[in-house]
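# Fold and geometry: a report
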Amino acid sequence: MIANRPTHPNTVRIAASAALVIWFLFLGAGTARADFGIKPGSLELGLSTLEAGAHPDVTTAFEMNLDSENNPEGHLKSTEVELPPGLVGNAGATPKCTMAEVIGDPFGGGICPLSTAVGKAEVTIFFPNSGFFTLTALIHNIEPYRDEPAAMAALAYFPIRIDTHVRSDGDYGVTASVRNANEGAPVTAVKMTFWGVPADHNGPPRPGDEEFTDGWGRIVGGPGSGQRLPFMTNPTACGEDLTGSFTLAPWEAPADFSTYEVPVGQISGCEKLSLEPSIDVRPTNHRAGAPAGYSVQLDVPQNQDPDGLATAHVEDAKITMPEGVTLSPAVANGLSGCADAQIGLHDQTSSQCPPSSRVGTATIQSPLLPGPLQGFVYVGQPRPGNPYRVFFSFEGYGVRVKLEGRVDLDPTTGQITATFLDNPQLPFSQLEVRFNDGPNAPLVNAPTCGVQTVQADLKAYGGQDARTTDSFLIDIGCGDAGFSPGFNAGLVDATAGGSSAFLMRITREDGEENLSRIATTLPKGLLAKLAGVPLCGEAEATAGSCPSASQIGRVVVGAGAGSNPLYVPQPGKAQTGLYLAGPYRNAPYSLVATVPAQAGPFDLGTVVVRNALRIDPATAQVTAVSDPFPQILAGVPIDYRDVRVIVDREDFVQAPTACNATSVDGSVSSIRGQIAKVSDRFRVVDCARLGFKPSLSLRLSGPTHRSAHPRLRAVLKARKDDANIRKAVVTLPRTEFLENAHIRTICTRVRYAADNCPQDSIYGYAKAFTPLLDKPLQGPVYLRSSNHPLPDFVASLDGQIHVDLAGRIDSVNQRLRTTFWAVPDAPVSKFVLTMQGAKKGLLVNNTELCKAKPRARAEFTGQNGKVRRGEPLVKTSCGKGKR
């Protein structure tokens, strides 16, 4: 090869221009050869030092294959060099010039200043009939295109532009490309050296310096006049063999690429590197328990000393928020998740995440770029075992950086830890993230005041570990906000005796203690028609998978701090349910409330809250007592703000038939043990329109003679849709006395309450039929101790529920009377009472029944106040057997 080193710029311009014109016009391009490629042994990607974080001179070189006659095997069009990941260049190390200045003005115009030079290029081209010519030129730092981070150029026979891009679809290494090399004469060899510290080489040479003359006749090789900053920097990861690659294509077949890998060596000395980060975290407000936007700024100072070592690149980062700062359920309002295909983590395209998945903005600054990369923070679509994913997407200067992180929540406290692993081997000086503010902010301040501390743990590719912390103060809203929940309850249609949906709502002000459990006692007469409703099985109730046939309603839950809580169920998501189930916690029935925790992109399973339904045996009043509400679900605290219960199964809820004013009462407990008594006025209307015409029939069976002990059978019937009975007074005919000698045993109240009455205290049997139940209630009739002179008459009715029907026994005008003074406001279609006779009978005839026409007296008072009186004839056994 012949070195062509003209000393005068004009001579160089004329020679270069003439050669280009002559050979391009008259000789043209050669013919494609099968052996196009790099000459074996000539490929080089070398670093002047392999010390981690050092600033080496980087040399790339290759020679093209020649045939047996020393002619080029093909005509080089493009070259692409992939540098190992972590080997980076800083385009801000020197000033920049323009491509026009690189080419220069043939009539004495401007050329690139020496201070813009970042390396030198030696280019050899082949001229047929003349041979090989080599020209050395400076490589200048030039203004890049808008879509690339850096660009360089040289003038060596022809302009050479070197474009760069970052491999965001792979290892985030840097790739340098030369497109469309001179088409007139083949390039046969290229050697380019990029200086680690350009200012040490782009000035006049000193004695002993390796000097050379550039294409404009300037002699360089010594220190320049510009600022001394590092241009090339070694990786900061040690222990792995680095490789690079060259990809070439000929003009004859531009799509026919040939790729060559080249070993670079192994970086060492990582233990000498430093990593000294700092973190700054600030909420947008300092109110306890309030939603807040948070700014998180992570600074990693970069060592720009050209004689020192670069800061170690961050491999892993973990940010731990203060305990008490949690995710807010309200963030899911209108939130969607960005799919993997939309973020495109491993491609060069811009992120296509929907705006509805955006929860913040982000910027990242790198010493390699002239300005910060702008970006957004997105919520990623959940994966099994990783429900809370987050994406960072930055873009600018042709660089796209997309990172995936995971957010882990402490299942007990909800404390947030965000982790980003395997970050690109690129230096950054500052990362700032600003999470959205407002009522749907993703984060909520700690519920208590005080100093809050954030911790960042970083791990570098060089093995360094660093921890940094920052603190801020929560000092607003620190007083006791109290606990005074709102309460509303009632029927949609308050018509007496009708069927209507029942609604109940408990609300809590933002900042008050969270709800824990609810107990509600319904008014007398507000009952449910259990007939025809299949019960949810125990296993299904526990799992929250009750069948639809047992559903009686639904629930709505609003949760989240701030003015816009999240409500579930949400449109298009699984619906909530309220189901009737069997015995639970010593109650005959229970309610199973299932709330699928589905909102936005999240599906955290189903919340199941069981409610025991206790029924007062004397009044049939229902009290629902809930289990404690779950306070945290999959690490997300459930800040209950609004709980609504809707019981709307058709013909299920039955209104009372008494129109007196009463109330729905309850108690609401907080997580700290405060109990708030709640009540809402309740009253049905139009009781007077209800009819009331019950009928009673009585029969005395057995011997009819005086001193005989007959059996008594009483049958009470009520019409459908009448008012229910409130009070019943039945006076037996004068023919019957109470046989005191047959009172065997009286059950005490204590034993009765314990369901442990002796057998001898049973004196009869009762059965009650009601349209509310599938089967009648039935059970023995006891004499129970009383505060009155005579024992009480009590029917213990068992079945789907248990009811105690208590009556007072006394005498009036020498007639035996029983008064049921508090009959439950419940529809009873038929009530049958049978009292024992003979030796166990409580009644004794005081006359011959067949000679009398015994009549009883009956007075019934309806729940609506109407009264029904009568004197039914008591049937006897006259003419039906022995007297």
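Our subject is the structure listed above.
Position numbers for residues count from 1 along each chain, tracking the sequence in the order it is written. This being a predicted model, a pLDDT of at least 70 is required before a residue's local features are given, and a value of 80 or more before pairs of side-chain atoms are given or counted; all residues contribute to the totals for chains, interfaces and linings. To obtain the side-chain values, all non-hydrogen atoms of the structure were included, while hydrogens and water were left out.

## Quick word on the pairing of strand β29 (residues 450-460)
As a reminder of what qualifies: Paired strands, in this sense, are two strands between which DSSP finds at least two bridges. For the purposes of this entry, the term helix denotes a DSSP run of H or I that reaches at least four residues, the term strand denotes a run of E that reaches at least two, and both are numbered from the N terminus.
With 6 bridges joining them, strand β20 (residues 314-320) and β29 adopt antiparallel strand pairing. When the bridges of β29 are listed, lysine 318 appears paired with aspartate 457. Of the pairings in the sheet, the one linking β29 to strand β30 (residues 465-474) comprises 10 bridges and is antiparallel in character. Bridge assignment links valine 454 to a residue of β30, and that residue is aspartate 470. Between β29 and β30, which pair antiparallel in sequence order, lie 4 residues; one of them, glycine 463, sits at a positive phi of approximately 100°.

## Quick notes on the packing of aromatic side chains
Selection rule: Think of it this way: a Phe, Tyr or Trp ring, Trp meaning its six-membered ring, pairs with another when their centres are within 6.5 Å, and the plane angle makes it stacked under 30 degrees, edge-to-face over 60, tilted otherwise. Three exposure classes are used, based on accessible area relative to the maximum for each residue type with a 1.4 Å probe and protein chains only: buried under 20%, partly exposed in between, and exposed over 50%. Either the NZ atom of lysine or the CZ atom of arginine qualifies as a charge over a ring when it sits within 6 Å of the ring centre and within 35 degrees of the ring normal.
Inspection of the entire model under this criterion finds 13 aromatic pairs. Aromatic pair tyrosine 752 and tyrosine 782: ring centres 5.8 Å apart, planes at 85°, arrangement edge-to-face. Here the residue tyrosine 752 occupies a position in helix α5 (residues 749-753), and tyrosine 782 occupies one in strand β52 (residues 777-784), the gap between them amounting to 30 residues. The same class applies to tyrosine 752 as to tyrosine 782, namely buried. Taking 6.2 Å as the distance between ring centres and 75° as the angle between the ring planes, the aromatic pair formed by phenylalanine 793 and phenylalanine 820 counts as edge-to-face. You can see phenylalanine 793 sitting in strand β53 (residues 792-797) and its partner phenylalanine 820 sitting in strand β55 (residues 815-820), a full 27 residues away along the chain. Taken individually, phenylalanine 793 and phenylalanine 820 each receive the classification buried, so the pair is uniform in this respect. Put simply, the rings of Phe127, Phe133 and Tyr157 pair up and form one aromatic cluster. Sitting over the face of the ring of tyrosine 145, arginine 161 holds its NZ or CZ atom 3.6 Å from the ring centroid. Between arginine 358 and the ring centre of phenylalanine 376, over which it is positioned, the NZ or CZ distance is 3.8 Å.

## What to know about the state of the cysteines
We apply this condition: Any cysteine sulfur atom paired with another within 2.5 Å is treated as part of a disulfide.
What the rule picks out here adds up to 8 disulfides. Between cysteine 747 and cysteine 757 runs a disulfide, and the two sulfur atoms are separated by 2.0 Å. Note on the cysteine 747 and cysteine 757 pair: the S-S dihedral is about -80°, so by sign convention the disulfide is left-handed. Of this pair, cysteine 747 sits in the loop between β50 (736-738) and α5 while cysteine 757 sits in the loop between α5 and β51 (762-769), placing them 10 residues apart in sequence. Cysteine 757 matches cysteine 747 in its accessibility class, with the two residues each being buried.

## Details of the sheet that holds β51
Strand order in the open sheet formed by 12 strands is β59-β58-β49-β55-β54-β53-β52-β51-β56-β48-β47-β60, and the pairing between neighbours is mixed. At either end of the open sheet lies a strand with only one pairing partner, and these are β59 (867-870) and β60 (874-875). Taken together, the 4 bridges between strand β49 (residues 725-731) and β55 define a ladder with antiparallel strand orientation. Bridge pairing links alanine 728 to phenylalanine 820 in β55.

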